[in-house]
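Residue-level structural notes
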Amino acid sequence: QVQLVESGGGLVQAGGSLRLSCAASGSTFSRYNMNWFRQAPGNEREIVAVISSGGGSTYYADSVKGRFTISRDNAKNTVNLQMNSLKPEDTAVYYCAASMRCLGTRCPKELYDYWGQGTQVTVSS
């Protein structure tokens, strides 16, 4: 069993930066590929960034490439999302999710094993 808790959300002006963190409980964190999703009001949940279990591979949605960076520290059971050059359209609730069985930006939703509760990011113009 893995519990995920996100933190670091908040209100920031366009062009600013935020760093989200996801803390995981349990001793099996290093076996999971980790993902950041976001969901804006009225929109479907969309993948933002992915990092493999060992940290050697990362994937990003086209909308955030060059602005967001995903990283992880398996010794601390954390995965982070550094968000720079934020835009109003980045406003959403951001969720972290763990998947042992799938890596990439096109995994079926049923292959995500655990989800966090989300953290709100609001970017003002």
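Structure: see above.
All figures in this text were calculated on a predicted structure; none of them were measured in a lab. (Residues numbered from 1 in each chain as written. Predicted model: local features only at pLDDT ≥ 70, side-chain atom pairs only at ≥ 80, totals over all residues. Heavy atoms only, no water.)

1. Considering the overall build of the protein
Let me state the cut-off plainly: Secondary structure elements are defined from DSSP: runs of H or I of at least 4 residues count as helices, runs of E of at least 2 residues count as strands, and each element is numbered from the N terminus. In this treatment the radius of gyration is a C-alpha quantity, and the globule benchmark scales as 2.2 Å times the residue count to the 0.38 power. Exposure categories follow from relative accessible area, calculated using a 1.4 Å probe and restricted to protein chains: below 20% of the type maximum is buried, above 50% is exposed, and the middle band is partly exposed. Note on definitions: a residue-residue contact is assigned when non-hydrogen atoms from the two residues lie within 4.5 Å. Areas reported as accessible are Shrake-Rupley estimates using a 1.4 Å probe. Residue values count occlusion only from the protein chains shown.
Along its length, the protein carries 0 helices and 11 strands. When its helices and strands are written in sequence order, the protein yields β-β-β-β-β-β-β-β-β-β-β. Here the C-alpha atoms of the protein give a radius of gyration of 13 Å, agreeing with the 14 Å that 2.2 N^0.38 yields for 125 residues. Considering only C-alpha atoms, the protein reaches an extent of 40 × 30 × 25 Å along its principal axes. Put simply, the protein has 125 residues, and 46% of those count as buried. Contacts in the protein between residues at least 24 apart in sequence constitute 59% of all its contacts with a sequence separation of at least 6. Surface exposure of the protein reaches about 6,200 Å², of which carbon and sulfur atoms provide 45%.

2. Things to note about the pairing of strand β9 (residues 92-99)
Two faces belong to every sheet, and in a regular strand the side chains alternate between them. So the rule is basically this: Strands are treated as partners if at least two bridges between them are detected by DSSP.
In terms of residue burial, β9 counts as a mostly covered element, since 7 of its 8 residues are buried. As defined by bridge partners, strand β4 (residues 33-39) adjoins β9 across 7 bridges and the pair is classed as antiparallel. Across the sheet, Arg-38 pairs through a bridge with Tyr-94, a residue of β9. Where β9 and strand β11 (residues 119-124) come together, 3 bridges link them in antiparallel fashion. From the neighbouring strand, Val-93 faces β11, where its bridge partner is Gln-120.

3. Some remarks on the sheet that holds strand β3 (residues 18-24)
Going by this rule: Axis lines are fitted through C-alpha atoms, for helices just across the contact stretch, and the angle between N-to-C directions can take any value from 0 to 180 degrees.
Reading across from one edge, β1-β3-β8-β7 is the order of the 4 strands in this open sheet, with antiparallel pairing throughout. Unpaired on one side and paired on the other, β1 (4-7) and β7 (68-73) mark the two borders of the sheet. Direction aside, the axes of adjacent strands within the sheet are offset by 15 degrees on average. With 6 bridges connecting them, β7 and strand β8 (residues 78-83) associate as antiparallel partners. Of the residues in β8, the one forming a bridge with Arg-72 is Val-79.

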